[in-house]
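# Results of the structural survey
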Amino acid sequence: MAALRICFLGPAQILCDEVPVTQALGQKALGLLAYLALGPSHGYTREKLAGVFWGETDDDHASFNLRRCLWSLRKAINPPGAPLDTHIRYREGRYSFEHSGDHWLDVSAFEHAVNTHCRRRTTAAPYFSSSSEFLTGHGLKDLRSAVRLYRGDFLEGCRPRGCPGFMDWLFLERDRLEQQYIRGLRALAVESATQSLFQQAVADYVQILRANPLDEAAHRDLMVAYHVLGKRDKAVEQYHGLCQVLRRLLELEPLPETRALYLDIRDGSLTLDGPSYWLTSARKTTAQAVPHGPFVGRGPEQSELSKALELATRGHGCLVVVKGEGGVGKTRLIEEFLHRVSPSPLLILRSRCYAQEQASS
């Protein structure tokens, strides 16, 4: 075992020569260790570190607090009698973490495994929207061991006071590492489904949704996995659970392809051959996107959209914004226009954005 063992994925756990030293460190000392360990190899200047962790105090107090924090951190993580800069060194005006030292860092092991084993492949597993690289038995074992390292949010529970700069960095790192975690789980789930290990695939998709309940693609894949296992009631229950989450958090309904999947499962019409359900559903959605019923009016708006399209096809790109109060038919107008031009040799990219936060008076 390494002389220094650092676990940051979840509540911090630090062992020096197998002796826990986490309790000896304050919140800022833990934050400083993480900031250095995940930072660039050339490190940070004294001024940078003082500003990030003690930016709300004057320069003299910030510099003093930094020196005191570094002293307590080195005392905790250095083996008895070891040189002062065993793990945290100071060279050419910069502090940095000594990555060549005798240590083990869970974040490094986790990211290395995910980046090594989660390369995208061009052929997706049947019926599943995710894709990854086919993994060898050794690769699957390494990746599954890596996702087990993720015990929770990066530096869970760490909230040092008076350092908004560090908290901004911490928020971004938490989000980045969570996305890596989901990426690894998605690769494992697809590989399990590819090998017809649907019980394991279900467990992996459940883990994804614990991390991100709004991952609608994972909800769809989980519904299909339940269907394959003969648990149609669980697939239907999963859909209704998604509806509740979307309504509670975003005041939205599921995407058309998700509802189409639900109806196919509910009605017993989902077949298990052919291309991935994602692609099949996308084709269904494109063909059925225009709501039933006559489309009346909006002549001037349709004309403006047609003019913009003609300009674009001539190489004069432009931006058209369709705005108006909710419920006046903006989406219907756009869908009717896209339906009308869909036979043209155009590449149409679709995306959605949601107003998750609104200013309150």
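Model, not experiment: these values are computed from the prediction.

Further remarks concern the overall build of the protein chain. Each helix and strand counted, the protein chain has 13 helices and 7 strands in total. Burial status across the protein chain gives 43% buried among its 361 residues. Of all intrachain contacts in the protein chain linking residues separated by at least 6 positions in sequence, the fraction that spans at least 24 positions is 62%.

Right, let's talk about the sheet that holds strand β2 (residues 13–16) for a bit. Pairing within the open sheet is mixed, and its 4 strands lie in the order β3-β2-β1-β7. Of all the strands in the sheet, just β3 (19–20) and β7 (103–105) have a single pairing partner and so form its edges. Strand direction decides the pairing type here: strand β1 (residues 4–7) and β2, joined by 4 bridges, are antiparallel. The partner of C7 across the bridge, within β2, is Q13.

Moving on, we come to the pattern of salt bridges. Counted by the stated rule, this structure contains 8 salt bridges. Salt-bridge contacts for R89 lead to E98; the nearest nitrogen and oxygen are separated by 3.3 Å. Here E253 ties to R247 by a salt bridge, and the two come within 2.9 Å at their closest N and O atoms. For R247, a relative accessible area of 44% puts it in the partly exposed group. Through salt bridges with shared partners, one network takes in E111, E173 and R176.

In terms of nonpolar packing, the biggest core is built from 81 residues, with F8, I14, L32, F154, L155 and F166 touching the most fellow members. Among the elements that line this core, the one with the most residues is helix α6 (residues 164–194), at 13 residues.

It is worth spelling out the sheet that holds strand β4 (residues 44–45) at this point. If you walk across this open sheet you meet the 3 strands as β4-β6-β5, and the pairing is antiparallel. Only two strands of the sheet have a single partner each, and these edge strands are β4 and β5 (88–91). Where β4 meets strand β6 (residues 94–97), 2 bridges bridge the pair, whose relative direction is antiparallel. When the sheet's bridge partners are listed, T45 is paired in β6 with R94. Along the sheet, helix α1 (residues 27–37) contacts β4, β5 and β6; its crossing angle with β6, the most-contacted strand, is approximately 85°.

With that settled, the discussion passes to the packing of helix α2 (residues 46–54) against helix α3 (residues 59–77). One can describe the packing of α2 onto α3 by two numbers: an axis separation of 9 Å at closest approach and a directional angle of 95°. Between α2 and α3, the angle is such that the two are roughly perpendicular. Contact residues: α2 offers R46, L49, A50 and W54, while α3 offers A62, S63, N65, L66 and C69. Split into classes, the residues belonging to the contact of α2 with α3 amount to 6 nonpolar, 2 polar and 1 charged.

For the rest of this paragraph, the subject is the packing of α1 against α2. Across the interface, α1 lies against α2 with an axial gap of 11 Å and an inter-helix angle of 135°. Looking at the two axes, α1 sits oblique to α2. Judged by the twist between their axes, the crossing of α1 over α2 is right-handed. Every residue of α2 that contacts α1 at K28, G31, L32, Y35 and L36 is listed here: K48, L49, V52, F53 and W54. By residue class, the composition of the contact of α1 with α2 is 7 nonpolar, 1 polar and 2 charged.

So, how was this worked out
Residues numbered from 1 in each chain as written. Predicted model: local features only at pLDDT ≥ 70, side-chain atom pairs only at ≥ 80, totals over all residues. Heavy atoms only, no water. Helix = DSSP H or I, 4+ residues; strand = E, 2+ residues; numbered from the N terminus. Buried < 20%, exposed > 50% of the residue type's maximum accessible area, 1.4 Å probe, protein only. Contact = heavy atoms within 4.5 Å. Pairing = 2+ DSSP bridges. Salt bridge = Lys/Arg side-chain N within 4 Å of Asp/Glu carboxyl O. Core = buried A, V, L, I, M, F, W, Y, C linked by side-chain atoms within 4.5 Å. Axes fitted to C-alpha atoms, helices over the stretch in contact; angles between N-to-C directions. Parallel < 35°, antiparallel > 145°, perpendicular 65-115°, else oblique. Nonpolar A, V, L, I, M, F, W, Y, C, P; charged D, E, K, R; others polar. Left-handed = near helix turned anticlockwise from the far one by under 90°.

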